[in-house]
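Listed below are the residues making up each chain.
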Amino acid sequence: MSSSAGRRGSLSRRAFLGTAAVGAVAVGGAAAGGIAVATSGGGGAAPAAPGRGFRGEHQLGVLEQPAPHGLLAAFTCVDPDRETLARTFRELSDELEGLLSGRPAAALDPALPPADNGVLDEVTDPGLMATLSVGASLFDDRYGLAARKPRELVTMPFLANDRLDPRRSHGDLLLVLQGKEPDVCLHALRRVMRRTRANLVLHWLQDAFTRPDAKPRVGQTQSRNLLGFKDGTANPDAGDAELMRRLVWTAGGGEPAWTAGGTYQAVRVVRMLVERWDRAGLTEQEALIGRHKGSGAPLSGTAESEAPRYDDDPDGERTPLDAHIRLANPRDASTRGTELLRRGFSYSRGIDGAGLLDQGLAFISYQSRLAHFLAATDRLRGEPLEEYLLPEGGGFFFVLPGVTRDGDHLGRSLLTGMP
Amino acid sequence: MRRSLSVLALSAALAVLAGCSDDGGQVRSEGGGSGSGSTGSGSGLSASDLGTQSSNQDVTAATNQYRTYVQGEVTALRAAAKKFTDAVRAGNVAEAKKQYAPSRVSWERIEPIAGLVEEIDVAVDARVDDFAGVDDPKWTGWHKLEYLLWKKNTTAGGAALATKLDTDLATLDTRLKTVDITPKAVALGAGALIEEVSEGKITGEEDRYSRTDLWDFAANVEGSKAAYTVFKPILAAKNPTLTTALDSGFTAVEGSLKPYQVAGGGYQSYTALKPADKTRMQAQLAALSEELAKVPAALGVA
Ligand code: HEM
């Protein structure tokens, strides 16, 4: 009933542009050439992505320093069969490649809806990253992919303390977009959705933000989550390729061959009861986390970069036995080599029915084996921090391997060469 | 409803403001219109502002064919509405409930065109969201009666509303005879009907008390297809890829609706709609909308 400003705008522009031409007028490559309206969304050049662009052994957005804005978009695939699904992945991959490599959008006859939404016209450095992953449901009986399912991929069960909302959980696909500004993610989302209208239906959407370090340093961070604590301090060194090969990238281990170069992605949309948290004493907060709030130093030390020590504190006198970081990683032989790469974002979704702020952490971790994540979750089960947390959404996904050569596309190794 | 009409009225008005006369569908190699400063407002338009007729004879003939379709639908609409309003006036709740959804079918088929007569659209098809509340006396039309019948299970207070509905539809009939139905309005209307389904019918907002949303859904699709069909031969000659896509788009949506048809005509309750079917329909409708968005340009009436 309410009139849509966006639609009005496009209609009005349509009207202004005068009478139609028939079909598309291709203006090869030169988006700004020929057509006067190119900068108002007519064909705007999709700006170049920084760094390496689309191609690489692994997808962008896992190891990289996070961008300030994120958008998690989970989709349901409605394709009737595997052949159509394979085409959808090809289209989706091509659209992402275009966006990430700065391919200019086609400049169409102005009587037609423009190929690009124009949101990023004249933006030269959007810092876009995109990470596409698949959920366990894609391997159900619809597409005959069961035999290709990554071994550990399951629908995320109710874990510790959960109140999962089905409208914000799981999905056949998850696309994590990142950019310097929120509109970078929205621009890409709209392009991707338009390209796949008949195939993908948005299931849930969560926008998110963080404050990435200007200069990433191992064992230190300036990023804080909405509890006010530094988040990411103890992350493994993403610049250490050998370490990442062991901790993050899946290979071998009885996994289907196509998974090589991918990674398990655990997403937990965790609401924080921030009003209540802000009423907790500082000492209490620090005991719940196991770190000093200001400096980020472990309770066992004085500097953020110091590794926490528990061996000389068996009774939890300095660091409580049930502190978040001590449970998550007791730093003994049992957990060595199972560290997670955490890449979470904060979010804010307005207020809930009780008038409380609806904010939290879109926790995302990447790991070569989902078992590493599940073991950490098991250790955290019942932690006293739970009193301030409510996991409401997310899911388990598997990030597709990257694309390295012509003729390849995201999901090709998963979907082709099958009977 | 009011939405689609304001969009159409606005675009028609802007076409006039921008001074774009039809050039018979010839290809233009450059965009015009840059530098036009006015954005215009959708208010205060009379029916005579609604764009221009085409100088392309085929397009004109097709538009006339569509006008005939609209007239047929308006006649059917008044007859079907009368069955509904008679039942309300007779105090027959069961019969009124039975006639409610059928009484709307022709309206939903021609909704964007009927909506060009703005005050009638508001009087007959507004939902409670446009008013202060269910008791707002300005709320009239089908949905107010729907509210009384299903929420209150009564026809009490309905007779006057029923008679007003008949009168308003008679006015619509008269007014539509003089409204200039332009090719552009028809082409945009085909798209607007599917947007209607995507935004209001698939969500179950339209007929929230009676749950007869799928009747309206189907009628919107039929109306959109009727508009497309008159132009199809012209489109097929100019852009066969587009007509192929549109044909399969309509077929897909119709195929999804089919299992919800009931014997003897009509559709199951919205509450019967399976979530997986709804998701698939969302994609089919969205894909169809993308293709319909290309129709005005392909006809040279954008
Ligand atoms: C809203 C939810 C959560 C909050 C607020 C939170 C907060 C924190 C904070 C403040 C730290 C210390 C700084 C750092 O090392 O990054 C930390 C560390 C950690 N968290 Fe969480 N976390 C949450 C959820 C989770 C979940 C769901 C897991 C995994 C199941 C997890 C696993 C870890 C791990 C493994 C560490 C590093 C421990 C270490 O190596 O010393 N966290 N978390």
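Conventions and cut-offs
- Residues numbered from 1 in each chain as written.
- Chains lettered and ligands numbered in written order.
- Predicted model: local features only at pLDDT ≥ 70, side-chain atom pairs only at ≥ 80, totals over all residues.
- Heavy atoms only, no water.
- Donors = N, O, S within 2.8 Å, 3.2 Å for Na, K, Ca; no water.
- Helix = DSSP H or I, 4+ residues; strand = E, 2+ residues; numbered from the N terminus.
- Near = heavy atom within 4 Å.
- Polar contact = N/O pair within 3.5 Å; in protein donor to acceptor, adjacent residues only side chain to side chain.
- Nonpolar A, V, L, I, M, F, W, Y, C, P; charged D, E, K, R; others polar.
- UniProt positions renumbered as here; feature names shortened; annotations may be inferred.
- Salt bridge = Lys/Arg side-chain N within 4 Å of Asp/Glu carboxyl O.
- Buried < 20%, exposed > 50% of the residue type's maximum accessible area, 1.4 Å probe, protein only.
- Core = buried A, V, L, I, M, F, W, Y, C linked by side-chain atoms within 4.5 Å.
- Pairing = 2+ DSSP bridges.

**Q** Requested: an account of the coordination of the iron atom of the ligand, with residues and values cited.
**A** Just one protein atom coordinates the iron atom of the ligand, and that atom is H324 of chain A (NE2), at 2.0 Å. Its place among the elements puts H324 of chain A in helix α7 (residues 324-328).

**Q** Residue-level account of the site of the ligand, with values.
**A** Residues and elements named next belong to chain A. Residues in contact with the ligand amount to 25 residues; listed here are only the nearest, G232, H324, N329, R331 and R342. The side chain of H324 places a nitrogen or oxygen atom 2.8 Å from a nitrogen atom of the ligand. A distance of 3.0 Å separates an oxygen atom of the ligand from a polar side-chain atom of N329. Elements supplying a minimum of two residues to the shell around the ligand: β5 (263-272), α7, β8 (357-367) and α8 (370-380). A per-element tally of the shell around the ligand places α8 first, with 4 residues. Tallied by class, the residues present in the shell around the ligand amount to 14 nonpolar, 6 polar and 5 charged.

**Q** Which residues make up the UniProt feature "domain: Imelysin-like" (unreviewed entry) in chain B, and what values do they have?
**A** UniProt feature "domain: Imelysin-like" (unreviewed entry): in the numbering of this structure it lies at residues 62-294 of chain B. In residues 62-294 of chain B, the share of helix is 72% and the share of strand is 0%. The end C-alpha atoms are 17 Å apart.

**Q** Report on the pattern of salt bridges, specifying residues and quantitative values.
**A** Going through the model one piece at a time under the given rule, you end up with 57 salt bridges over all chains. The partner of E152 of chain A in a salt bridge is R369 of chain A, with the nearest N and O atoms 3.3 Å apart. In this pair, E152 of chain A sits in the loop between β2 (129-135) and β3 (173-179) while R369 of chain A sits in the loop between β8 and α8, placing the two residues 217 residues apart along the sequence. Since its relative accessible area comes to 16%, E152 of chain A is described here as buried. Using a relative accessible area of 42% as the deciding quantity, one classes R369 of chain A as partly exposed. The salt bridge involving D352 of chain A is made with R271 of chain A; its shortest N-O contact spans 3.0 Å. Of this pair, D352 of chain A sits in the loop between β7 (345-351) and β8 while R271 of chain A sits in strand β5; the two residues are 81 residues apart in sequence, bridging distant segments of the chain. Relative accessible area serves as the criterion here: at 22%, D352 of chain A is assigned to the partly exposed category. Through salt bridges with shared partners, one network takes in R104, E108, E111, D125, R127, E196, K201, E206, D207 and D216 of chain B.

**Q** Could you give me a rundown of the nonpolar core, with the residues and numbers involved?
**A** The tendency in soluble globular proteins is for nonpolar side chains to be buried side by side. Counting residues in each nonpolar core, the largest one holds 77 residues, and the members touching the most others are Y66, F84, W142, L172, F217 and F231 of chain B. Of the residues forming this core, the biggest block, 12 residues, is contributed by helix α9 (residues 213-238) of chain B. If you look at the next biggest cluster of nonpolar residues, it comprises 69 residues, including L120, Y264, F363 and F398 of chain A.

**Q** Describe the pairing of β7 of chain A, with residues and values.
**A** Residues and elements named next belong to chain A. In this sheet, β8 lies alongside β7 in antiparallel orientation, the contact comprising 5 bridges. Counted as the bridge partner of S346 is L361 from β8. In textbook terms, the turn of a hairpin is the stretch between consecutive antiparallel strands, and for β7 and β8 this stretch comprises 5 residues, one of which, G355, has a positive phi near 80°.

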